[in-house]
Amino acid sequence: MTVTTGRIMSGEMAEQPAVLRRILTEGAPRIREVAERIAARAPRFVLLTARGTSDNAALYAKYLLEVLLGKPCGLTSMSTTTAYGARPDLTDCLVITVSQSGGSPDLVASTRAAREAGAITLAVTNNADSPLAEVSEFHIDVLAGPEEALPATKTYTAELLALYLFVEGLRGGDGAGRAAALPELAEQILARRDEVRALAGRYRFAERMVLTSRGYGYPTAKEAALKLMETSYIPALSYSGADLLHGPLAMVDNVSPVIAIVTDGKGGEALQPVLDRLRDRGADLVVIGPKPQVDAASAGFVLPVDGVPEELQPVLEILPLQMLAYEVTIARGQDPDAPRALAKVTETH
């Protein structure tokens, strides 16, 4: 292991407060303009298209659209279009394609087909000159700047904030005002690396991990599991707390590492019975959330979310989990900058 191991990922994680500020100051007016133009078209349904990390951001947008707007919303299966040649009638549907690079052929082909089928198409990318942006009617640039590490960090939180501002714009809300505290709170969380490094010691020799949450926190569980798998190679399974009780709980025992993301709000309230069941089974439980853990069997990372709406907390929740994936990987003697068998732009068809 060289002294440069993990340098790129570490640097990009540290950029996130600046990226969030950039979106709120430079990006917000353009995002609001796009939202107002799309709102005027009154889409009746929303479809979200993405892969990998961006798919988890798209799932977050699904919660926003359904909860805040009451808009029917689904996640697309691109193979129905790219492999099977299906051509559904998408008249008056909004199709949002989320991609850091905007370069994957299946995303481009699926979006082009959706536009030809009558959809209003919006690309959310970190590359305004990408093929995806070119084939879409509308585009939002998440303004994260070049991302070189293979594990996406700053582009994920940038996508979350951009999507939040877009949904708030659709309903005429002041998204930028509600999100104003995020950059400073992100700085506070990222400064607590020693706490995360201490947690990482629990997982250095882990053979598998389980991550769970409910509501707005569920995309965070999925993204954290992805980060752990692609950096440290630990099999990490993510479940909605409700789904965990429908069978997978059976694999949890008193040596099973479980990370629970407890959003402050209705999602966190719905997760409490799951936490009780996990404690009853003696799970090695770590809780990421707003309240300190008082029972001896649980560890945790307390998030500063006072005054932050529930729907914005995922922007902060993922930060200690990104750091955890980094620290576990370093502890296992691996390089988080360059996971094996991965490329920055994954060209699926």
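Here the structure is a predicted model, which means the values were calculated and not measured.

Novice: Which residues make up the packing of aromatic side chains, and what are the values?
Specialist: Two descriptors summarise a pair of aromatic rings, namely the distance from one centre to the other and the angle between the planes of the rings. Under the defined criterion, the tally for this structure stands at 2 aromatic pairs. Here the aromatic rings of Tyr63 and Tyr216 are separated by 5.9 Å at their centres, their planes lie at 45°, and the arrangement is tilted. With Tyr63 in helix H3 (residues 52-68) and Tyr216 in the loop between strand E6 (209-213) and helix H11 (218-232), this pair connects stretches of sequence that are 153 residues apart. In this structure Tyr216 comes out as buried when scored by relative accessible area, which is 5%. Within the aromatic cluster, the residues linked to one another by ring pairs are Tyr60, Tyr63 and Tyr216. Directly above the aromatic system of Phe301 lies the positively charged group of Arg192, at a separation of 3.9 Å from the ring centroid.

Novice: An account of the packing of helix H2 (residues 16-39) against helix H7 (residues 154-170) is requested, with residue identities and associated values reported.
Specialist: As a packed pair, H2 and H7 sit with axes 8 Å apart at the nearest point and diverge in direction by 35°. Considering only the axes of H2 and H7, their crossing is right-handed. Between H2 and H7, the contacting residues are Gln16, Val19, Leu20, Ile23, Leu24, Ala28, Ile31, Arg32, Val34, Ala35, Ile38 and Ala39 on the first element and Lys154, Thr157, Ala158, Leu161, Ala162, Leu165, Phe166, Gly169 and Leu170 on the second. Residue classes in the contact of H2 with H7 are distributed as 16 nonpolar, 3 polar and 2 charged.

Novice: I'd love a proper account of the environment of Ser10, names of residues and values included.
Specialist: By the element assignment, Ser10 lies in helix H1 (residues 7-14). Residues Ser10 and Val258 lie 248 residues apart in sequence; the distance between their C-alpha atoms is 24 Å. In this view, Ser10 contacts Arg193 and Tyr326; residues no more than four positions away in its chain are not counted. Here Arg193 takes part through its side chain, which lies 3.2 Å from a polar atom of the side chain of Ser10.

Novice: I'd love a proper account of the nonpolar core, names of residues and values included.
Specialist: In this structure, Ile96, Leu122, Leu161, Phe166 and Ile259 are the most contacted members of the largest nonpolar core, which totals 84 residues. By residue number, the principal contributor to this core is H7, which donates 11 residues. In this structure Ile96 touches Val46, Leu47, Leu48, Thr49, Leu65, Leu122, Val124, Leu163 and Phe166, once residues within four positions along its chain are discounted.

Novice: So, H11: which residues are in play, and what are the values?
Specialist: Between its first and last C-alpha atoms H11 spans 21 Å; for 15 residues at 1.5 Å apiece the expected length is 21 Å, and the two agree. Where burial is concerned, most of H11 is hidden: 12 out of the 15 residues are buried. Looking only at H11, the buried set comprises Tyr218, Pro219, Thr220, Ala221, Glu223, Ala224, Ala225, Lys227, Leu228, Glu230, Thr231 and Ser232. Phi for Tyr233, located one or two positions after H11, is positive at around 70°.

Novice: Requested: an account of empty space enclosed by the protein, with residues and values cited.
Specialist: In total, this model carries 1 cavity of 30 Å³ or more according to the counting rule given. Estimates place the volume of the largest cavity at around 40 Å³. If you trace the largest cavity, you find it lined by Val196, Leu199, Ile259, Val286, Ile288, Pro320, Leu321 and Leu324. Examining the composition of the lining of the largest cavity, we find that 3 residues originate from one element, helix H14 (residues 314-331), more than from any other. Its residues assigned to classes, the lining of the largest cavity shows 8 nonpolar, no polar and no charged.

Novice: So what's going on with the packing of H7 against H14? Residues and values would help.
Specialist: Contact pair H7 / H14: the axes reach a minimum separation of 10 Å and the direction vectors enclose 170°. One way to sum up the angle between H7 and H14 is to call them roughly antiparallel. Taking contact as the criterion, the partners of Tyr156, Thr157, Leu160 and Leu161 in H7 are, on H14, Pro314, Val315, Ile318, Leu319 and Gln322. When the residues that make up the contact of H7 with H14 are grouped by side-chain class, the tally is 7 nonpolar, 2 polar and no charged.

Novice: Describe the pairing of strand E8 (residues 257-261), naming the residues involved and giving the relevant values.
Specialist: Among the 5 residues of E8, 5 are classified as buried, and the element is accordingly described as predominantly covered. Burial along E8 is two-sided: Pro257, Ile259 and Ile261 and Val258 and Ala260, pointing in opposite directions, are all buried. With 4 bridges joining them, E6 and E8 adopt parallel strand pairing. Within E8, the residue paired with Leu211 across the bridge is Ile259.

Novice: Any details on the sheet that holds strand E4 (residues 120-125)? Residues and values, ideally.
Specialist: Strand order in this open sheet of 5 strands is E2-E1-E3-E4-E5, and the pairing throughout is parallel. Each edge of the open sheet is held by one strand with a lone partner, namely strand E2 (73-75) and strand E5 (138-141). For this sheet, the mean inter-axis angle between neighbouring strands, taken without regard to orientation, is 20°. Note that E4 and E5 share 4 bridges and pair parallel. Within E5, the position partnered with Leu122 by the bridge is Phe138. Contacts between H3 and the sheet are confined to strand E1 (45-50), E2 and strand E3 (93-99), with E1 contributing the most and set at about 165° to the helix. Sitting on the sheet, helix H5 (residues 105-116) touches E1, E3 and E4, and the angle it makes with E3 is about 165°.

Cut-offs and rules
- Residues numbered from 1 in each chain as written.
- Predicted model: local features only at pLDDT ≥ 70, side-chain atom pairs only at ≥ 80, totals over all residues.
- Heavy atoms only, no water.
- Phe/Tyr/Trp six-rings, centres within 6.5 Å; stacked < 30°, edge-to-face > 60°.
- Helix = DSSP H or I, 4+ residues; strand = E, 2+ residues; numbered from the N terminus.
- Buried < 20%, exposed > 50% of the residue type's maximum accessible area, 1.4 Å probe, protein only.
- Lys NZ or Arg CZ within 6 Å of the ring centre and 35° of its normal.
- Axes fitted to C-alpha atoms, helices over the stretch in contact; angles between N-to-C directions.
- Left-handed = near helix turned anticlockwise from the far one by under 90°.
- Contact = heavy atoms within 4.5 Å.
- Nonpolar A, V, L, I, M, F, W, Y, C, P; charged D, E, K, R; others polar.
- Polar contact = N/O pair within 3.5 Å; in protein donor to acceptor, adjacent residues only side chain to side chain.
- Core = buried A, V, L, I, M, F, W, Y, C linked by side-chain atoms within 4.5 Å.
- Expected span 1.5 Å × (residues − 1).
- 1 Å grid on protein atoms, 1.4 Å probe; cavity = no way out; pocket = protein on both sides within 12 Å on 5 of 7 lines; lining within 4 Å.
- Points joined across faces, edges and corners; volume = space filled by probe spheres on them.
- Parallel < 35°, antiparallel > 145°, perpendicular 65-115°, else oblique.
- Pairing = 2+ DSSP bridges.

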